[in-house]
Amino acid sequence: MSRLWRASPLTYLALVVAAGMSLFPIWWMFVVASRSSDAMGQLPPPITPGGNLGANISRLFDNTDAYFLTGLINSTIVAGTVTVSVVFFASLAGFAFAKLRFRGRNALLLVVIATMMVPTQLGVIPLYMLMTRLHWNDRLPAVIVPALVTGFGVFMMRQYAGQAVSDELIEAARMDGCGTARIFWHVVLPALRPAAAVLGLLTFMTTWNDFLWPYAVLNDPANPTVQLSLRALSDGYYQDMSQVLTGTAIATLPLLLVFVLFGRQIIGGIMEGAVKA
């Protein structure tokens, strides 16, 4: 049985090659970000950083067409608010659907699941009309409010809560005099932490990288998200690719930072869910 889990040298070689192929585009992005645009056309492509990173960053933030610093701030506000909201409300609703008994529970769960089947593109026009009636166009609430809770998040936390939180544990808490709110905060939420970390990562990445809805509702070029700023950098007949890739590299850093800070909990949540499955 132990031979089934023993990796051969060929397996390690394949993993190293796969990791190298996956990481090389990211590394090359940082390399070009530290060089001039001429590096894009060099053969073979350069693989060592240059000395123009500071100048490229300075030119990037001085670019009055991209408003890159504003885009970074707006994306941080939007992604952070949406992530906290989705994790909280999805955990709350997932606990309710998994452990509480109330009339219409299954019907409401079907409605939540049905929202996952509707393509995002179908809701852009009516949602844009609603934002217009609320006078939220060109304002961050138009990007934040529609994403405060997701059907995927509710369904994911409901499935995890059904496995991670036992009925006996909840009944013991009730016998100790805990109400539903206290049970959620002190019993259920700590048990959902691994799944919440995974959901938070997925939500942050999706919101940070979202382009379609901010592009539709934020028409003011001086109030973009970071993805709209990157689009502004790549518009026009002449594209300064060193500046574009400098902006892309800086926009990638928050995602890498999230992986570094919460990687252990994220991997632990994925592995725990795989073991339970």
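Conventions adopted
- Residues numbered from 1 in each chain as written.
- Predicted model: local features only at pLDDT ≥ 70, side-chain atom pairs only at ≥ 80, totals over all residues.
- Heavy atoms only, no water.
- Phe/Tyr/Trp six-rings, centres within 6.5 Å; stacked < 30°, edge-to-face > 60°.
- Helix = DSSP H or I, 4+ residues; strand = E, 2+ residues; numbered from the N terminus.
- Buried < 20%, exposed > 50% of the residue type's maximum accessible area, 1.4 Å probe, protein only.
- Domains from an automatic or database assignment.
- Axes fitted to C-alpha atoms, helices over the stretch in contact; angles between N-to-C directions.
- Parallel < 35°, antiparallel > 145°, perpendicular 65-115°, else oblique.
- Left-handed = near helix turned anticlockwise from the far one by under 90°.
- Contact = heavy atoms within 4.5 Å.
- Salt bridge = Lys/Arg side-chain N within 4 Å of Asp/Glu carboxyl O.

### Examining the packing of aromatic side chains
Following the criterion strictly, the structure yields nine aromatic pairs and no others. With centroids separated by 6.4 Å and ring planes inclined at 80 degrees, the aromatic side chains of Phe88 and Phe184 adopt a geometry described as edge-to-face. Residue Phe88 is located in helix 3 (residues 68-99), and its partner Phe184 is located in helix 9 (residues 180-191); the two are separated by 96 residues in the primary sequence. Phe88 sits in the partly exposed class, given a relative accessible area of 31%. For the ring pair Phe97 and Phe102, a centre distance of 6.2 Å and an interplane angle of 45 degrees mean the geometry is tilted. Residue Phe97 is classed as buried on the basis of its relative accessible area of 9%. Through pairs of rings, three or more aromatic residues link up here, namely Phe88, Phe89, Phe95, Phe184 and Trp185.

### Comments concerning the domain arrangement of the protein chain
Many analyses report the size of an interface as the accessible area lost when the parts associate. Structurally, the protein chain comprises domain 1 (9-50) and domain 2 (66-223 + 247-274). One C-alpha centre belongs to domain 1, the other to domain 2, and the line joining them spans 34 Å.

### Some thoughts on the packing of helix 4 (residues 105-115) against helix 7 (residues 151-164)
Between two packed helices, what matters for the description is the angle formed by their axes and the separation of those axes. Closest axis-to-axis distance for the helix 4/helix 7 pair is 8 Å, and the angle between their directions is 130 degrees. Classified by the interaxial angle, the pair formed by helix 4 and helix 7 is oblique. As helix 4 runs across helix 7, the sense of the crossing is left-handed. Taking contact as the criterion, the partners of Leu109, Val112, Ile113 and Thr115 in helix 4 are, on helix 7, Gly151, Val154, Phe155 and Arg158.

### Examining the side chain of Ser91
Here Ser91 shows up in helix 3. Ser91 gets classed as buried once you look at its relative accessible area, which sits at 0%. Ignoring sequence-local partners within four residues, the contact set of Ser91 consists of Val86, Met157, Phe184, Leu189 and Leu192.

### Regarding the pattern of salt bridges
A complete count under the given rule lists two salt bridges for this structure. As a salt-bridge pair, Asp167 and Lys99 come within 3.0 Å of each other at their nearest N and O atoms. With Asp167 in helix 8 (residues 167-175) and Lys99 in helix 3, this residue pair connects regions lying 68 residues apart in the sequence. On the basis of relative accessibility, which here comes to 15%, the residue Lys99 falls in the buried class.

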